[in-house]
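Below are the chains, spelled out letter by letter.
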Amino acid sequence: MAGRRKPHFLQDEKGFYTTSYGPFILRSAFQPIFSQDPGGRLAIEAFEALIRASSNGKPVSPGHFFSLVEPEDAVYIDTVCRELHILNMGVLGRRKARLFVNFNPALFDAVADIEDEADRMVEVTVQAGLRPSRIVCEITEQGSGNNTVLHKLVSSLRARMFRIAVDDFGADDSDIQRVTELNPDILKFDAAWVRRFTETGAGMALLKLMVDQFIDKGITVLFEGLEEDHQVEFCNQVGVQLMQGYALARPEIVPTTFDERFPESRETPPAPGMTAEPAAPVPATGPGPEHAPAVARSRRAAAFGKRTR
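Quick caveat: nothing in here was measured; it's all calculated off a predicted structure. (Residues numbered from 1 in each chain as written. Predicted model: local features only at pLDDT ≥ 70, side-chain atom pairs only at ≥ 80, totals over all residues. Heavy atoms only, no water.)

A. Just a negative patch on the surface, in detail. Residues E227, E228, D229 and E233 make up a contiguous surface patch of negative charge. Relative to the helices and strands, E228 is located in the loop between strand 10 (220-223) and helix 8 (229-238). (Patch = residues over 30% accessible without salt bridge, like charges linked within 9 Å, V, L, I, M, F, W, Y side chains within 5 Å. Areas by Shrake-Rupley, 256 points an atom, 1.4 Å probe, with all protein chains shown as cover. Salt bridge = Lys/Arg side-chain N within 4 Å of Asp/Glu carboxyl O. Lys, Arg positive; Asp, Glu negative; His and termini not counted. Charge placed at Lys NZ, Arg CZ, Asp CG, Glu CD. Helix = DSSP H or I, 4+ residues; strand = E, 2+ residues; numbered from the N terminus.)

Here it is in structure tokens:
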């Protein structure tokens, strides 16, 4: 491992964290992930964490920001984004919701790197006053090209009680194999792929059958990218447990307005697989945590930033 680098996390007057990279200020934005009861009532079950960059007071698109990260800093920034999001989730104060953070296996070279990163995740999660079971580690790429590294990443995170999600499921052979091998807690269906299936009655019937099969296996199903009200209604019809998209709520930079719009106290039970545990006590710790990044290589840098975290 390379020498440790210490990210500088600053807190605002409300306690939320920011950090910086060169001329860029980095903030967390959270997008709610909802469950829906048969009556159509929505409840926030989780948030997906996204990075928001700005320079000279002007927003910079995530894709553009990540394209400007130096190759040797790719792993460092990837990790700093996760740490920033976890710390802000702790400040947000929702006692039940989980947080989805992204992991790209292509950024890891060695098992030692993975073990170090998993340990750092535990430290930051506890520092934020959360339990690892409230963090969902979303595997965002098909794989690193190295199945040993991919499986070690998942097993290391799971051994530390983090939840596992697989992203962008599209039901081709490689996707099905990935789900079979990784056995995730949560499966996120690719939005464009789902839309194609909802264009015909036969497609919708097949989609419902697929959703039922995954639920029978104990996997929680999430449809993302919902942009129309009829898509939300369809999710309810086919038994999709979790939903995400602009039709429900757009991402907001923390602090958010979600507490006023979707108060956490509710009578309906949480979605299957999403029952939250009480938060861990916040330990007495100093300012932002240190991070030990792996030495970045050009092939890992090429995989960096494919997704806007």
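From this point, the narrative continues.
B. Local environment of the pattern of salt bridges. Under the criterion given, the structure shown has 14 salt bridges. Across the pair E83 and R120 runs a salt bridge, and its minimum N-O distance is 3.5 Å. You can see E83 sitting in helix 2 (residues 74-92) and its partner R120 sitting in helix 3 (residues 111-127), a full 37 residues away along the chain. Both residues of the pair, E83 and R120, belong to the buried class. Taking the shortest distance from any N to any O, the salt bridge between K188 and E224 comes out at 3.2 Å. Here E224 lies in the loop between strand 10 and helix 8 and K188 lies in strand 9 (residues 186-189), a separation of 36 residues in the sequence. Note on accessibility: K188 and E224 belong to one class, buried. When salt bridges that share partners are traced, they join E48, E138, K188 and E224 into one network. (Buried < 20%, exposed > 50% of the residue type's maximum accessible area, 1.4 Å probe, protein only.)

C. Looking closely at the nonpolar core. Residues F65, F189 and F223 are the most contacted members of the largest nonpolar core, which totals 77 residues. With 10 residues, the top contributor of residues to this core is helix 2. Of all hydrophobic cores here, the second largest spans eight residues; its members include I33, A46, I186 and L242. (Core = buried A, V, L, I, M, F, W, Y, C linked by side-chain atoms within 4.5 Å.)

D. Fine view of the packing of aromatic side chains. Tallied over the full model, the rule gives 14 aromatic pairs. Ring centres of F9 and Y17 lie 6.4 Å apart, and the angle between their planes is 90°; this geometry places the pair in the edge-to-face category. Against the face of F103 rests R82, its NZ or CZ located 3.7 Å from the ring centre. (Phe/Tyr/Trp six-rings, centres within 6.5 Å; stacked < 30°, edge-to-face > 60°. Lys NZ or Arg CZ within 6 Å of the ring centre and 35° of its normal.)

E. Expanded view of helix 7 (residues 201-216). For helix 7, built from 16 residues, the straight-helix expectation of 22 Å at 1.5 Å per residue is met to within 8% by its first-to-last C-alpha distance of 23 Å. All buried positions along helix 7 are accounted for by G203, L207, M210, V211 and F214. One side of helix 7 carries all its buried residues, which in axial view fall inside an arc of 100°. The outward face of helix 7, more than 90 degrees from its buried face, is lined by the exposed residues A202 and D216. (Expected span 1.5 Å × (residues − 1). Arc of directions from axis to C-beta.)

F. Summary view of the pairing of strand 9. Residue alternation in strand 9 divides its side chains into two sets, I186 and K188 and L187 and F189, and both sets are buried. Relative to strand 9, strand 8 (residues 163-169) runs parallel, the two being bridged by three bridges. Pairing of A165 across the sheet is with I186, part of strand 9. Alignment of strand 9 against strand 10, held across four bridges, turns out to be parallel. (Pairing = 2+ DSSP bridges.)

G. Fine view of the pairing of strand 4 (residues 42-55). In terms of residue burial, strand 4 counts as a mostly covered element, since 12 of its 14 residues are buried. Here strand 3 (residues 24-36) pairs with strand 4 via 12 bridges, running antiparallel. Looking at the pairing, I25 lines up with S54 of strand 4. Linking strand 3 to strand 4, which pair antiparallel, is a turn of five residues; within it G40 sits at a positive phi near 90°. Taken together, the three bridges between strand 4 and strand 6 (residues 98-103) define a ladder with parallel strand orientation.

H. Layout of the confidence of the model for the chain. Residues at a pLDDT of 70 or more form 81% of the chain, whose mean pLDDT is 82. Scored below 50 in pLDDT, residues 276-304 makes 91 contacts in the model with residues more than four places away or belonging to other chains. (pLDDT = per-residue confidence, 0-100. Contact = heavy atoms within 4.5 Å.)

I. Quick peek at the side chain of R94. Relative to the helices and strands, R94 resides in the loop between helix 2 and strand 6. Once residues within four sequence positions are removed from consideration, R94 is found in contact with I44, F47, R134, F258, D259, F262, P263 and E264.

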